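# Inside the fold
Letter by letter, the chains look like this.
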Amino acid sequence: EPDRIVALGASTAQTLWELDAEETVVGVSQFGTYLEGAGNLTVVTEGFPAAIQTETVIGLNPDLVLAANVYSNESLQQLRDAGISVYKFPIAGSIEDVYAKTERIGHLAGACEAANATVTDMQTTVETVREAVEGEERPDVLYPQSGGFAPGPNTFIGGLIDAAGGANIVANANATSPYPQVSGEFIVEQDPE
């Protein structure tokens, strides 16, 4: 089990906190500092999009770096070349991918039992919501993100919109990216509820 983990990505850090493995975390991205106690940890990224401060990570002497899919393979390879174990998560294209990521983080952090319990709770919650909205009218939904980007239907957020009974308007954008940039005109035309 790793004693020293660097969590690159807010969702990665949040999952470690959910699994009560935060005491092993020695570094976080600038987007993970909102978690209780994370403000006292070393911030290992900067800028937007976030760039890894490679020397800072190496200086923390981590046993493991858990990296979100947004970080470049080149930066992560520099960490590997320094002898650090790095696991980069693939993009989550569905709710099931989030379950798998949670289980993988639990496995890698030595918190398998907590991960399994968390996934079971998540599955129960999602199924409860699905059942509650079954047969109801599906409102048109937009989940806006910064820079005009929005998650499409083939993302975990798109899966959550669907499970909650919504119709993701980004499905009408004919986009090839999972998180396309949508224009104000498109949004007005779609008229989400």
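Above this text sits the structure in question.
Let me sum up the structure you'll find in this document. As the structure is a prediction and not an experimental result, all values here were calculated from the model.

Each regular strand carries side chains that alternate between the two faces of the sheet. Burial along strand β1 (residues 5–8) is two-sided: I5 and A7 facing one way and V6 and L8 facing the other are all buried. Pairing between β1 and strand β2 (residues 25–28): three bridges, direction parallel. Along β2, the bridge assignment pairs I5 with V25. Considered for its hand, the β-α-β crossover made up of β1, helix α1 (residues 10–18) and β2 is right-handed. Summarising the sheet, β1 and strand β6 (residues 64–67) pair through four bridges and their orientation is parallel. For I5, the partnering residue across the bridge sits in β6 and is L64.

All right, on to the nonpolar core then. As a rule of thumb, soluble globular proteins bury nonpolar side chains together. In this structure, I5, A13, L16, W17, V25, L66 and I105 are the most contacted members of the largest nonpolar core, which totals 18 residues. Going through the elements one at a time, β1, α1, β2, β6 and α4 (95–109) are the ones with two or more residues in this core. When residues in this core are grouped by element, the largest group, three residues, is from α1. In this view, L66 contacts I5, V6, A7, L8, T12, L16, Y87, F89, I105 and L108; residues no more than four positions away in its chain are not counted. V44, I52, V65 and L76 belong to the second-largest nonpolar core, a separate cluster that totals 16 residues.

A cis amide bond links F48 with the next residue in sequence, P49, at an omega value of 0°. Of note, P49 is situated in the loop between β4 (45–46) and β5 (51–52). Although it is not a glycine, D20 adopts a positive phi angle of roughly 55°. Relative to the helices and strands, D20 is located in the loop between α1 and β2. The exposure class assigned to D20 is exposed, which follows from its relative accessible area of 56%. With a phi close to 50°, N174 is a non-glycine residue in the positive phi region. In this fold, N174 is placed in the loop between β9 (167–168) and α7 (184–190).

The next point concerns the pattern of salt bridges. In total, this model carries one salt bridge according to the counting rule given. Residue D162 is joined to R138 by a salt bridge in which the shortest nitrogen-to-oxygen separation is 2.5 Å. Remark: R138 occurs in the loop between α5 (112–133) and β8 (140–141) and D162 occurs in helix α6 (residues 156–163); sequence separation between them is 24 residues. Of the residues examined, R138 reaches a relative accessible area of 39% and is grouped as partly exposed.

What counts and what doesn't
- Residues numbered from 1 in each chain as written.
- Predicted model: local features only at pLDDT ≥ 70, side-chain atom pairs only at ≥ 80, totals over all residues.
- Heavy atoms only, no water.
- Buried < 20%, exposed > 50% of the residue type's maximum accessible area, 1.4 Å probe, protein only.
- Helix = DSSP H or I, 4+ residues; strand = E, 2+ residues; numbered from the N terminus.
- Pairing = 2+ DSSP bridges.
- Right-handed = clockwise from strand over helix to strand, strands pointing away.
- Core = buried A, V, L, I, M, F, W, Y, C linked by side-chain atoms within 4.5 Å.
- Contact = heavy atoms within 4.5 Å.
- Salt bridge = Lys/Arg side-chain N within 4 Å of Asp/Glu carboxyl O.

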